[in-house]
Amino acid sequence: VYGDLDVVQLLTMLERELAQSGIPQVVETVRAFPQMFEKQTQIPWTKLVDSLGGEAGVIVTLDSSRKVTIPLGGAGGDIEISMPGLILAVKVKNDLLYDRLSSKLKENPESKTSEESGLKICAMPMPNPSNLPLHLTVASSGDYLFLASSPELVRTVQQVRKGKQAGLKTSSDFQNLAKHLPAQGNQFMYVSRSFGETF
C-alpha cells in the first residue's frame, strides 16, 4: 500500500469529525496530540511535520525461498510459512526522524549501524517466541525513512529502486492486473495471490 499522507490535514479532519461526535474528551485528546507527541519523543511537532514529504507506504513480504515454523500451541501444532517481512516507507525531507530513532536503538549495545552507498542503517535484534530472525531496523536513503523487520529487506527495496533487482512490476500476476489500471495516481494497493493463499 502506498499513497499521499498529509499528517496535518489528517489531524484537522479527525478533529473536525470528532467535534461533531459531541464527545469533548476525545476532541481534546486529538487537539493535545502534538504536545503529547513532543513530550514523549522529544521531537518538536512543527519540525516533524516540516520534515515529512507527504507520502508513505507499507509493504508486507513473504520470501518463499526461506521457510519459518510458527508454533500455534495446544493441539494446533506448528505451521510452516514463507518468511514474512514488514517495511514502512515514509518520504522525508531530512534525517530528523532517522537521527532520533537510531539514537534510541543505539542505546542497546546489540544494535549495529552501517552506511553503504547513501543508505544509513541501524538495526537491533528483537527476541520473539517464534525465533524469527527479527531485527527492528531504521534506515535512511536521503528521501526516504524506512522502518523494517530486517536490514536485508531495506537493502532489497533500495536495489529495486535503483533498478538493480527485479521488483513487483516484473511479476506476471502484477502485470496481468496492471494492464487494466491507470499508470498514474496518488494511491496504490496490491495484494498478491500468494499472500491470500498463505493467509
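To be clear, the structure that these remarks concern was listed above.
Residues numbered from 1 in each chain as written. Predicted model: local features only at pLDDT ≥ 70, side-chain atom pairs only at ≥ 80, totals over all residues. Heavy atoms only, no water.

### Quick look at the sheet that holds strand E1 (residues 2–4)
Okay, so step 1: Pairing within the open sheet is antiparallel, and its 8 strands lie in the order E4-E5-E6-E7-E3-E2-E1-E8. Only two strands of the sheet have a single partner each, and these edge strands are strand E4 (112–116) and strand E8 (187–188).
Okay, so step 2: Bridge analysis of strand E2 (residues 52–71) against strand E3 (residues 78–92) gives 14 bridges, and the strand direction is antiparallel. Residue pairing across strands places Asp63 opposite Met83, the latter belonging to E3. (Pairing = 2+ DSSP bridges. Helix = DSSP H or I, 4+ residues; strand = E, 2+ residues; numbered from the N terminus.)

### A short note on the packing of aromatic side chains
Okay, so step 1: All told, the structure shown has 6 aromatic pairs when counted by the stated rule.
Okay, so step 2: Seen from their ring centres, Tyr144 and Phe146 are 6.0 Å apart, and the 15° between their planes marks the pair as stacked. Judged on exposure class, the residue Tyr144 and its partner Phe146 are both buried.
Okay, so step 3: Ring centres of Phe174 and Phe188 lie 6.1 Å apart, and the angle between their planes is 65°; on these two criteria the pair is classed as edge-to-face. Linking Phe174 in helix H6 (residues 172–178) with Phe188 in strand E8, this pair joins segments that are 14 residues apart in sequence.
Okay, so step 4: Chaining the aromatic ring pairs together yields one cluster made of Phe33, Phe37 and Trp45. (Phe/Tyr/Trp six-rings, centres within 6.5 Å; stacked < 30°, edge-to-face > 60°. Buried < 20%, exposed > 50% of the residue type's maximum accessible area, 1.4 Å probe, protein only.)

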